[in-house]
Amino acid sequence: MPSKTTNSNGTVLITGGSKRIGRTIALHLAHYGYSIALHYHYSRKDAEALARIIQTLQVRCDIFEADLEDAKAVASLIQQVRKKFPDLQSLINNASIFEKSTLRAGDIKDFDQEFAINLRAPFILCSQFASLSKEGTIINILDTNVSKDKGGHFSYLLAKKSLADLTRLAALELAPEIRVNAIAPGLILPPESQGKEYLDRLAKNIPLKRKGEPTDIAKAVQFLLENTYITGQTIFVDGGEHLK
Ligand SMILES: NC(=O)c1ccc[n+]([C@@H]2O[C@H](COP(=O)([O-])OP(=O)(O)OC[C@H]3O[C@@H](n4cnc5c(N)ncnc54)[C@H](OP(=O)(O)O)[C@@H]3O)[C@@H](O)[C@H]2O)c1
């Protein structure tokens, strides 16, 4: 981790920021002087522990609870954050669920949940952010598989593909005040039910032959936040997986 710099870059709201990739993004940006509005749902203890770590860096971090499946709770999140952080500058739609599903099984409950959390919540947050902010940056976290039509997680992938389209549509509508970009991670962290060897096995089939690290995603986030001439772009941080 780099040593902390003192510049203040405004506040970044990170959804699902208490664990795993979201946690690494929050810590990385805090080291570079961004204040952190950390959203969580169930992981309150992890969120509190991370906020304490970030505060020891002399960086501001407050935590915000919301169930992203609940449209009303999502709609009030940006307002709550702005009350505490009037300098809210960026939104990172990172929270997600990742469930197996097929079209044949036709599980409507799963479809609704995937779309509520992985697409409707980012839609509402982007909309609220745009109506309450004069300028800023939005980053949506996708999945390398948005470039393919791979089966097995039908509703998840359909929602992430739609989020990729939302990114481009939003970039056009919200320019020039707000830039909207996306990051498509590949093999970074295994699902909680699997060990590291699961990704090592899959990594044998991708061009760079290894899994990535959460910091690879965090560095791409920082790049998109700071390069002010990029909008409507998706960066694949996936060891070349999208090429195959
Ligand atoms: N892991 C990978 O290798 C990989 C690969 C491709 C794409 N991605 C994408 O990268 C992002 C981060 O991945 P990850 O594996 O770190 O994510 P994750 O652990 O699966 O989920 C991140 C957070 O999402 C939050 N979340 C889930 N349901 C929610 C709800 N109803 N309301 C509010 N928050 C909710 C959870 O917060 P709480 O714990 O607080 O409840 C969870 O900690 C995701 O968008 C994912 O699709 C990851």
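Nothing here was measured: the structure is a model prediction, and the numbers come from that model.

1. Side note on the site of the ligand
1) Next: Contacts to the ligand come from 28 residues, most closely from Arg-20, His-41, Ser-43, Leu-68 and Asn-94.
2) Next: Here Lys-160 contributes a side-chain N or O atom positioned 2.9 Å from an oxygen atom of the ligand.
3) Next: At a separation of 2.9 Å, an oxygen atom of the ligand approaches a polar backbone atom of Leu-189.
4) Next: Across the complex, the protein chains shield 88% of the 890 Å² of accessible surface that the ligand would expose by itself.

2. Overview of the pairing of strand β1 (residues 11-14)
1) Next: A two-sided burial pattern is seen for β1, the buried positions comprising Thr-11 and Leu-13 on one face and Val-12 and Ile-14 on the other.
2) Next: Examined bridge by bridge, β1 and strand β2 (residues 35-40) share 4 bridges and lie parallel to one another. By the bridge assignment for β2, Leu-13 is matched with Ala-37.
3) Next: Regarding the hand of the β-α-β motif, the stretch spanning β1, helix α1 (residues 20-31) and β2 is right-handed.
4) Next: Note: β1 against strand β4 (residues 88-93), 4 bridges, orientation parallel. Bridge pairing in β4 places Val-12 opposite Ser-90.

3. A few points about the pattern of salt bridges
1) Next: According to the stated counting rule, one finds 9 salt bridges in the structure shown.
2) Next: Note that Glu-192 is salt-bridged to Lys-19, the shortest N-O span being 3.9 Å. Here the residue Glu-192 occupies a position in the loop between β6 (178-185) and α6 (196-203), and Lys-19 occupies one in the loop between β1 and α1, the gap between them amounting to 173 residues.
3) Next: Judged by its relative accessible area of 62%, Glu-192 falls in the exposed class.
4) Next: Among the salt bridges present, the one from Lys-161 reaches Asp-149, with a minimum N-O distance of 2.7 Å. Here Asp-149 lies in the loop between β5 (136-141) and α5 (154-174) and Lys-161 lies in helix α5, a separation of 12 residues in the sequence.
5) Next: Lys-161 sits in the partly exposed class, given a relative accessible area of 22%.
6) Next: According to the relative accessible area criterion, Asp-149 is exposed, its value standing at 72%.
7) Next: Several salt bridges share partner residues, and in doing so they unite Arg-60, Asp-62 and Lys-84 into one network.

4. Here we look at the sheet that holds β6
1) Next: Strand order across the open sheet formed by 7 strands is β3-β2-β1-β4-β5-β6-β7, with parallel pairing between neighbours. The open sheet has two edge strands, β3 (61-65) and β7 (234-237), and neither has a second partner. Neighbouring strand axes in the sheet, compared pairwise and without regard to direction, differ in orientation by 20° on average.
2) Next: Relative to β7, β6 runs parallel, the two being bridged by 4 bridges. The residue bridging Ala-182 from the neighbouring strand is Thr-234, located in β7.

5. Some words on the confidence of the model for the protein chain
Low-confidence regions, as indicated by low pLDDT, have predicted coordinates that should not be scrutinised in detail.
1) Next: Of the residues in the protein chain, 97% have a pLDDT of 70 or more, and the chain-wide mean is 96.
2) Next: Throughout residues 2-7 the model reports pLDDT below 50, and contacts reaching past four residues in sequence, or to other chains, amount to 13 contacts.

6. Let's talk about the nonpolar core
1) Next: Counting 35 residues, the largest nonpolar core has Leu-13, Val-81 and Ile-138 as its most contacted members.
2) Next: Every element with two or more residues in this core is listed here: α3 (71-84), β4, α4 (108-132), α5 and β6.
3) Next: Sequence-distant contacts of Ile-138, defined by excluding residues within four places in its chain, comprise Leu-91, Asn-93, Cys-126, Phe-129, Leu-174, Ile-178, Arg-179, Val-180 and Asn-181.
4) Next: Within the second largest apolar cluster, 32 residues are counted, among which are Ala-26, Leu-57, Ile-217 and Val-221.

7. Points about helix α2 (residues 44-56)
Turn by turn, an α-helix covers 3.6 residues, leaving residues three or four places apart pointing in a common direction.
1) Next: Between the first and last C-alpha of α2 there are 19 Å, a value that for 13 residues agrees with the 18 Å anticipated at 1.5 Å per step.
2) Next: Residues of α2 that are buried make contact with α1, β2 and β3.
3) Next: The first or second residue beyond α2 is Gln-58, which carries a positive phi of 65°.

The rules we used
Residues numbered from 1 in each chain as written. Predicted model: local features only at pLDDT ≥ 70, side-chain atom pairs only at ≥ 80, totals over all residues. Heavy atoms only, no water. Near = heavy atom within 4 Å. Polar contact = N/O pair within 3.5 Å; in protein donor to acceptor, adjacent residues only side chain to side chain. Areas by Shrake-Rupley, 256 points an atom, 1.4 Å probe, with all protein chains shown as cover. Buried < 20%, exposed > 50% of the residue type's maximum accessible area, 1.4 Å probe, protein only. Helix = DSSP H or I, 4+ residues; strand = E, 2+ residues; numbered from the N terminus. Pairing = 2+ DSSP bridges. Right-handed = clockwise from strand over helix to strand, strands pointing away. Salt bridge = Lys/Arg side-chain N within 4 Å of Asp/Glu carboxyl O. Axes fitted to C-alpha atoms, helices over the stretch in contact; angles between N-to-C directions. pLDDT = per-residue confidence, 0-100. Contact = heavy atoms within 4.5 Å. Core = buried A, V, L, I, M, F, W, Y, C linked by side-chain atoms within 4.5 Å. Expected span 1.5 Å × (residues − 1).

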